[in-house]
Amino acid sequence: MVRARVRPTRARPIASSFSGDTDMASLKLAAHETEIIGPSNAPAGGVYKGVVLAQQSKLVLDGVELVLNDITLERLGPRTVDLINGATVRIGELAFASIGTSVLYRIGPGCMLVMDANLSEPEVVAMTTVEFASGGTGRLRYAPFSNPMWQKSPRVVGHVDGDVLEHINGTMLAVENGRLVVPLPAGKATPAAPGQGSRRPL
């Protein structure tokens, strides 16, 4: 069961499309709704404070630099966030996720996605897919869970030579069995399954 973080009540309700002052805005997509955010309609401050994505919704981020904060993933099913035309997007804190929800982040040519697992939940990270559709020009920067018992990582598909998988600290990452692999620091033990001893890297 997904554990939703309890967030303080917002001063402003989340409105359809974006609303608010010049520094922050809010964004809400209903089921099956598509929204395109480009330089002409992105918030001046580059931050969305309150993002709601319902099932089967699609958010297209076109050539912008944005931060998406306080994200709500409403209802069972998938939703998509597309980065195109050199967009750079940082995924902020998860506010709430319905049980069984999933999200696909698609990285287009020249685009970069920045994710920190510690701002989400293990179940949500496990249901997250990062798809490279960049022809070898995309970048994913990722910070894994700091809790060593939380070994969930996103699925990664479409990764080809030239695409960059990078830890926030600059270490290169890899894909194994369709999942992002985060190397353990030297001497660190891999958490073992119940009844088994821990394993240390050779």
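Look up a bit, the structure's there.
Residues numbered from 1 in each chain as written. Predicted model: local features only at pLDDT ≥ 70, side-chain atom pairs only at ≥ 80, totals over all residues. Heavy atoms only, no water.

K.L.:
Explanation requested: the pairing of strand E15 (residues 164-167) in the structure shown.
P.N.:
A regular strand carries its side chains on alternate faces of the sheet. By the alternation rule, side chains of E15 split into Val164 and Glu166 and Leu165 and His167, which are all buried. In this structure, strand E13 (residues 139-143) lies alongside E15, joined through four bridges in parallel fashion. Bridge pairing links arginine 141 to glutamate 166 in E15. (Buried < 20%, exposed > 50% of the residue type's maximum accessible area, 1.4 Å probe, protein only. Helix = DSSP H or I, 4+ residues; strand = E, 2+ residues; numbered from the N terminus. Pairing = 2+ DSSP bridges.)

K.L.:
Quick question: what am I supposed to make of the packing of aromatic side chains here?
P.N.:
Centre-to-centre distance and the angle between the planes together describe a pair of aromatic rings. Following the criterion strictly, the structure yields one aromatic pair and no others. A ring pair is formed by phenylalanine 145 and tryptophan 150, whose centres lie 5.3 Å apart and whose planes are at 90 degrees; its orientation type is edge-to-face. The exposure class assigned to tryptophan 150 is partly exposed, which follows from its relative accessible area of 30%. (Phe/Tyr/Trp six-rings, centres within 6.5 Å; stacked < 30°, edge-to-face > 60°.)

K.L.:
What am I meant to see in unusual backbone geometry here?
P.N.:
Backbone geometry follows two general trends: most residues other than glycine have a negative phi, and most peptide bonds adopt the trans configuration. A positive phi angle is found at histidine 32, which is not glycine, with a value near 65 degrees. Tracing the backbone shows histidine 32 in the loop between strand E2 (24-29) and strand E3 (34-37). Among the residues examined, histidine 32 registers a relative accessible area of 60% and is labelled exposed. Unlike most non-glycine residues, arginine 75 shows phi in positive territory, near 70 degrees. Inspection of the secondary structure puts arginine 75 in the loop between strand E6 (65-73) and strand E7 (80-84). Exposure remark for arginine 75: the relative accessible area of 52% places this residue in the exposed category.

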